[in-house]
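# Coordinate analysis (summary)
What follows is each chain in one-letter form.
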Amino acid sequence: MPDTEFESPPLGPPRDGCGPLFPGPESDAKSYRRQLFEAVRASGLIARVDLARQIGISPATVTQIATDLIGAGLIEEGELPRRDSDTPRGRPPVGLKVR
């Protein structure tokens, strides 16, 4: 009578280089955090919306990361001068700068 129970093949010793093919969300967040901080440092004073465009992430993600960096004391908000293209309506852009 054949054995109907599934038997898995024996596992060999662990090999170097085996692991996830893509970095997890934790490393993505660290990468975006680093990119955002470096962009703020390089710019001196930059609007959140410009950071989102430059890095290629959503404005909401910029706000989340900026909140963490502000809480850590690395950056702070600053007032941006109005651009000629800005209309007087709406909320003015909020700038970020290195502390």
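Residues numbered from 1 in each chain as written. Predicted model: local features only at pLDDT ≥ 70, side-chain atom pairs only at ≥ 80, totals over all residues. Heavy atoms only, no water.

## Describing the overall build of the chain
Secondary structure summary: the chain contains 3 helices and 3 strands in total. Element order for the chain, N to C, with α for helix and β for strand: α-β-α-α-β-β. Expressed as a percentage of its 99 residues, the buried residues of the chain come to 20%. The long-range fraction of contacts in the chain, counting pairs at least 24 apart against all pairs at least 6 apart in sequence, stands at 53%. (Helix = DSSP H or I, 4+ residues; strand = E, 2+ residues; numbered from the N terminus. Buried < 20%, exposed > 50% of the residue type's maximum accessible area, 1.4 Å probe, protein only. Contact = heavy atoms within 4.5 Å.)

## Examining the sheet that holds strand E1 (residues 46-47)
Spatial ordering of the open sheet is given by E1-E3-E2, a layout of 3 strands whose pairing is antiparallel. In this open sheet, the two strands that pair with only one neighbour each are E1 and strand E2 (75-79). Taken together, the 5 bridges between E2 and strand E3 (residues 94-98) define a ladder with antiparallel strand orientation. Each bridged residue has a counterpart across the sheet, and for Glu79 the counterpart in E3 is Val94. On the sheet, helix H3 (residues 59-71) packs against E2 and E3 and is oriented at approximately 110° with respect to E2. (Pairing = 2+ DSSP bridges. Axes fitted to C-alpha atoms, helices over the stretch in contact; angles between N-to-C directions.)

## Brief notes about the pattern of salt bridges
For the structure on display, the rule yields 5 salt bridges. A salt bridge links Glu77 to Arg48; the nearest nitrogen and oxygen atoms lie 2.5 Å apart. Of the two residues, Glu77 is situated in strand E2 and Arg48 in helix H2 (residues 48-55); the sequence distance between them amounts to 29 residues. Judged by its relative accessible area of 48%, Glu77 is partly exposed. Residue Arg48 is classed as buried on the basis of its relative accessible area of 15%. (Salt bridge = Lys/Arg side-chain N within 4 Å of Asp/Glu carboxyl O.)

## Remarks on H3
The terminal C-alpha atoms of H3, which comprises 13 residues, lie 18 Å apart, in line with the 18 Å expected from a rise of 1.5 Å per residue. The complete set of buried residues in H3 reads Val62, Ile65, Ala66 and Leu69. Looking straight down H3, one finds its buried side chains confined to an arc of 105°; they lie on one side. The exposed residues of H3 that point more than 90 degrees off its buried face are Gln64 and Gly71. Looking one or two places after H3, you find Gly73, whose phi comes out positive at around 80°. (Expected span 1.5 Å × (residues − 1). Arc of directions from axis to C-beta.)

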